[in-house]
Amino acid sequence: MPGLEDLYREIILDHYRNPRNRGELDSPPAHRVEGFNPLCGDEIVVYLDLDDERRITDIRIGGQGCSISQSSASMMSAAVKGHTVEEVGDLTRAFKAMMSIHESSLGGEAAEPVELPDVKLGDLEALRGVVKFPVRIKCATLAWNTLAQGIDEALA
Amino acid sequence: MALTTPLDVDAIRADFPLLSRTVHDTPIVYLDSAATSQKPTAVLDAMDAYYRTVNANVHRGVYFIAEQATNDLEAAREKVRRFINASSVSEVIFTKNATESLNLIVQSWGRANLAAGDVVVLSHMEHHANIVPWHMLVAERGIELRWIPLTPDGRLDLSDLDALLDGAKVLSVTAMSNVLGTLNPVRQLTDAARAAGAISIIDGCQSVPHTATDVQALGADFVAFSGHKLCGPTGVGVLWGREELLTAMPPFIGGGEMIRDVRLDGFTCNDLPWKFEAGTPAIAEIIGLGAAVDYLTGIGMDAIRAHEHMLTEYTLRTLADRFGPDIAIHGPSDPDLRGGVFSFAFKDLHPHDISQILDQHAVCVRAGHHCAKPLMKLMGVGATARASVYLYNTTADIDALADALESAGAFFAF
């Protein structure tokens, strides 16, 4: 049986207690997007500033959620700030791969080895244990899906 | 204060095989009966025996076991009729679940009787199953929804009830909140609705499994409830309705069983209750539900309510004594006004995290919005943790909940 220490790593609890980039940005000019986990009622709000070079110059996180969704959002905000949307796309794919979510598995195609971008996950590695608690994977990915939607909308 | 129960809970627990299992090498503490109840051997055996010895489609064949299957199904209907004191089996309609029962009312009665501007009165403590079907009718017909507000302690605020009901066609409310545990004054509500010229619909999902139900005494026009919350299987629910209304209503789902005649140019409906039971029904589940109401009747619904009243008193007192201001239990504090459903906030822990840690102690509680998002919004929370009890729970289960909460508090101590 996976233990609680697999799920609630110290660094996760640290991000939960001291969330990074918590707050709001004036919108507009910032892009604001909301994400919901319909299963549990968690809500997240992502505020994004993108510059002309498609770089995330600032990001803020609002909303409410459990320790896993909040810490994932906090780590995400720290990891993507200052990076281009292409780099963020690679990071998102690497993070989701760690969560056992592969784009190929969503397309109904036979599962093939996925060419993963060479990305360092850093602190985000701490969320690897979430895979052992499948119900909580949606908690960990909520912020990422919301960010992806925000980027799509901001560039549209 | 001595707490007594009229139930022999040890004997009752022995009737529920699942309660003897372990989770993570720890005996299970099941505190989620508001989501679904566990099933006694009597129900499992009845369903098993049906499949092993009787299985045939109902209302069709003339051969022996087909007639036996039909008789068993209709015997279950009579058991349910007696359980809720309906005046006729014609008024007992088997559905898939309470959600389907409520949708049946809205789609059949609602579409036949409601037009733009007509008013339907709901409350702030409704389950999504008693909200969304009405929203769908708002979109289709332009009906108007009005909402009974709540008092700060989670009861219906009826101070403006007459004004809310003024000109209304429908009052549809829950008899007991699945979040707050509040027992609503159903008779007062149905009387007020009738006085205003509105029909009344009662969501009995949480009340029917836990309190004696007499649909005639409730004064309602429709009562919906599910089988799986009252020791029966999933896949079967009940709609009770007054025969006069059911007779006048158009059918809901079309197909076999619900017809008397089908021609190239149309069809004629079957009699009640089969008019609303298109297709092969959930035969084994209906028979299982019959066994469940027999089981509950044998124990006694008043005794079950008395047992849960005792557990409610014990739970409220134990959690307050052990955690003081660190715990906030939503809903009324008087056990006379509530059933054994306890939504709570504990320290600043998120319900998901509470539920996760409790699971390590084999304590099963629900975390989430409980399909009552408008109520969550009113309460100013995204989710709650919820423990709920039934006839097989004991004060030891509540002690285990408190111990596990203490451990959760320590784990997340900042």
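Scroll up for the structure.
Predicted model, so just to flag it, every value in this text is computed and none were measured.

On to the overall build of chain A, then. A count of helical and extended segments in chain A gives 6 helices and 3 strands. For chain A, the sequential pattern of α-helices and β-strands runs α-α-β-β-β-α-α-α-α. For chain A, the proportion of its 156 residues judged to be buried stands at 45%. Residue pairs at least 24 apart in sequence account for 67% of intrachain contacts in chain A once pairs closer than 6 positions are excluded. Surface exposure of chain A reaches about 7,800 Å², of which carbon and sulfur atoms provide 49%.

Following the criterion strictly, the structure yields 32 salt bridges over all chains and no others. Here A:E86 makes a salt bridge to A:R54, at a shortest N to O gap of 2.8 Å. Placement of the pair is A:E86 in helix α4 (residues 85-98) and A:R54 in the loop between β2 (42-50) and β3 (56-64), with a sequence separation of 32 residues. A residue is classified by how much of its surface remains accessible, and A:E86, at 42% relative accessible area, is partly exposed. B:R82 is paired through a salt bridge with B:E78; the nearest N and O atoms lie 3.5 Å apart. With a gap of 4 residues between them, B:R82 and B:E78 both fall in helix α3 (residues 64-84), about one helical turn apart. For B:R82, a relative accessible area of 53% corresponds to the exposed category. On the basis of relative accessibility, which here comes to 25%, the residue B:E78 falls in the partly exposed class.

Glancing now at the packing of helix α11 (residues 301-323) of chain B against helix α14 (residues 395-411) of chain B. All names here are of chain B. One way to put it is that α11 packs onto α14 with a least axis distance of 10 Å and a crossing angle of 25°. If you check the angle between α11 and α14, you find them roughly parallel. As α11 runs across α14, the sense of the crossing is right-handed. Across from M310, L311, Y314, T315, T318, L319, R322 and F323 in α11, the residues of α14 making contact are T395, I398, D399, L401, A402, D403, L405 and E406.

With that out of the way, let us pick up the interface of chain A and chain B. On the chain B side, the residues contacting the 21 residues of chain A number 18 residues. Viewed at the interface, chain B and chain A are joined by 1 salt bridge. For the salt bridge of B:D353 with A:R136, the shortest nitrogen-to-oxygen distance reads 3.0 Å. The tally of links from chain A across to chain B stands at 6 residue pairs in polar contact (both at pLDDT 80 or more).

Another aspect to go through is helix α2 (residues 10-17) of chain A. Residue pairs spaced three or four apart in an α-helix point in one direction, given the helix's 3.6 residues per turn. Of all the positions in α2(A), only A:I12, A:L13, A:H15 and A:Y16 are classed as buried. For α2(A), the buried positions fall inside an angular range of 160° around the axis, keeping them on one side. Each element contacted by the buried residues of α2(A) is listed here: α1 (4-7) and α3 (67-80) of chain A together with α12 (351-360) and α14 of chain B.

The subject of this paragraph is the state of the cysteines. Working definition of a disulfide: a covalent bond connecting the sulfur atoms of two cysteines. For the structure shown, the criterion picks out 0 disulfides over all chains. For A:C139, which is in no disulfide, the shortest distance to another cysteine sulfur is to A:C66 and amounts to 3.9 Å. B:C205 forms no disulfide, and the closest cysteine sulfur to it belongs to B:C371, at a distance of 11 Å. When its relative accessible area of 12% is taken as the criterion, B:C205 is described as buried.

Criteria and cut-off values
Residues numbered from 1 in each chain as written. Chains lettered and ligands numbered in written order. Predicted model: local features only at pLDDT ≥ 70, side-chain atom pairs only at ≥ 80, totals over all residues. Heavy atoms only, no water. Helix = DSSP H or I, 4+ residues; strand = E, 2+ residues; numbered from the N terminus. Buried < 20%, exposed > 50% of the residue type's maximum accessible area, 1.4 Å probe, protein only. Contact = heavy atoms within 4.5 Å. Areas by Shrake-Rupley, 256 points an atom, 1.4 Å probe, with all protein chains shown as cover. Salt bridge = Lys/Arg side-chain N within 4 Å of Asp/Glu carboxyl O. Axes fitted to C-alpha atoms, helices over the stretch in contact; angles between N-to-C directions. Parallel < 35°, antiparallel > 145°, perpendicular 65-115°, else oblique. Left-handed = near helix turned anticlockwise from the far one by under 90°. Polar contact = N/O pair within 3.5 Å; in protein donor to acceptor, adjacent residues only side chain to side chain. Arc of directions from axis to C-beta. Disulfide = S-S within 2.5 Å.

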